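Coordinate analysis (summary)
What follows is each chain in one-letter form.
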Amino acid sequence: MSEIYTVVLLVEQALSGADAAQVRSLHESLEEEVRYHVLLPVEDAAARVEAAMGAVSADTMTAPRMPLDPEAVETVRQESERESSRDLAATLEALRAAGATADGKVVDDEPIHALAAAVAELDGREAIILTRSHVVSEFFHLDWTSRARRKIGVPVLHLLEHENFDEQAGSGEGVTGL
C-alpha cells in the first residue's frame, strides 16, 4: 500500500479551475497518493462591521465611535460563514475537477494556528498558502506565509490566486519566493 502525501492548503477565497490545476501540477510526479486538505478561514464579522462603520464615519471625523450592534455582528457572521462554505465547496470542486482527492473545512481559528494544527493532525508533508497579493503585510513579514514558515515544520509555498506560475515568477512571488 502506498503512503499518503498530505498537502494542507490555506486559501483566502475560492480557487479557480486554473488555480486548482496549478496546485495539482506541483504533485503529479509523486509516487505517493496525494491528498489535499483545504482550510478556508471565516472572515471576522466584527471587523467587517467595524470597517463598514469606519468608512461611513470617515466623512464625519468628529463623530464618536459607536458601539457595535450585536445583531448586526451576528448577521454579518452568518453571511460570512455562508460565503466561506460556498467558497470551500467551489474550491473542493475545482480541485476534484483537476483530478485531486480533496477535503477541507471552514475554520474560525486564527489562520496560522489552524494551519499548524491541521499539518500536525493530518501528518501534512507540506503547506501551500494561496492568497491575493498583500504587499504591505508581506514587506513587514506579517503575512500568512512568513508567519507559517516560523510556526510549522514543513515546507511552505506561497502562491498568488488567479495568477499562473509565469505571472508569479515575474513579480518575485510564489514559486520564486522559496
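Everything below is about the structure shown above.
Residues numbered from 1 in each chain as written. Predicted model: local features only at pLDDT ≥ 70, side-chain atom pairs only at ≥ 80, totals over all residues. Heavy atoms only, no water.

Attention shifts here to the pattern of salt bridges. Any two side chains of opposite charge can pair if their charged atoms end up close together. Evaluation of the coordinates by the stated rule reveals four salt bridges. Of the charged contacts in the structure, one is a salt bridge between Arg 82 and Glu 79, with a shortest N-O distance of 2.9 Å. In this pair, Arg 82 and Glu 79 are both assigned in helix 3 (residues 70-97), three residues apart and thus about one turn of the helix distant. Classification of Glu 79 by relative accessible area gives partly exposed; the value is 26%. Linked by salt bridges that have partners in common, Glu 79, Arg 82 and Arg 86 make up one network. (Salt bridge = Lys/Arg side-chain N within 4 Å of Asp/Glu carboxyl O. Helix = DSSP H or I, 4+ residues; strand = E, 2+ residues; numbered from the N terminus. Buried < 20%, exposed > 50% of the residue type's maximum accessible area, 1.4 Å probe, protein only.)

The subject of this paragraph is the environment of Glu 81. Residue placement: Glu 81 occurs in helix 3. Put simply, Glu 81 and Pro 41 are 40 residues apart on the chain and 9.0 Å apart in space, counted from C-alpha to C-alpha.

Here we take up unusual backbone geometry. A positive phi angle, close to 55 degrees, is found at Asp 123, a residue other than glycine. Along the chain, Asp 123 turns up in the loop between helix 4 (111-122) and strand 4 (126-131).

Here we come to the sheet that holds strand 5 (residues 156-160). Across the sheet, five strands lie side by side as 3-2-1-4-5; this open sheet has parallel pairing. Both outer strands of the open sheet, strand 3 (101-107) and strand 5, are each paired with one neighbouring strand and no more. Each strand of the sheet is rotated relative to its neighbour by a mean of 20 degrees, with strand direction disregarded. Relative to strand 4, strand 1 (residues 4-11) runs parallel, the two being bridged by five bridges. Paired with Val 8 across the strands is Ala 127, a residue of strand 4. Contacting strand 1, strand 2 (33-41) and strand 3, helix 3 crosses the sheet at an angle of about 165 degrees to strand 3. Docked against the sheet, helix 4 engages strand 1, strand 2, strand 3 and strand 4, running at close to 170 degrees with respect to strand 1. (Pairing = 2+ DSSP bridges. Axes fitted to C-alpha atoms, helices over the stretch in contact; angles between N-to-C directions. Contact = heavy atoms within 4.5 Å.)

Next up on the list: helix 3. With 28 residues, helix 3 should cover 40 Å at 1.5 Å per step; its first-to-last C-alpha distance of 40 Å lies within 8% of that length. All of the buried residues along helix 3 are Val 73, Val 76, Ser 80, Ser 84, Leu 88, Thr 91, Leu 92, Ala 94 and Leu 95. Two residues or fewer after helix 3 comes Gly 99, characterised by a positive phi angle close to 95 degrees. (Expected span 1.5 Å × (residues − 1).)

Now for helix 4. Here helix 4 contains twelve residues, and its C-alpha end-to-end distance of 16 Å stays within 8% of the 16 Å for a straight helix at 1.5 Å per residue. Taken together, the buried positions of helix 4 are Pro 111, Ile 112, Ala 114, Leu 115, Ala 116, Ala 118 and Val 119. Where helix 4 starts, the residue carrying a side-chain oxygen 3.0 Å from the main-chain nitrogen of Ile 112 turns out to be Glu 110. Phi turns positive, to about 55 degrees, at Asp 123, one or two residues after helix 4. (Polar contact = N/O pair within 3.5 Å; in protein donor to acceptor, adjacent residues only side chain to side chain.)

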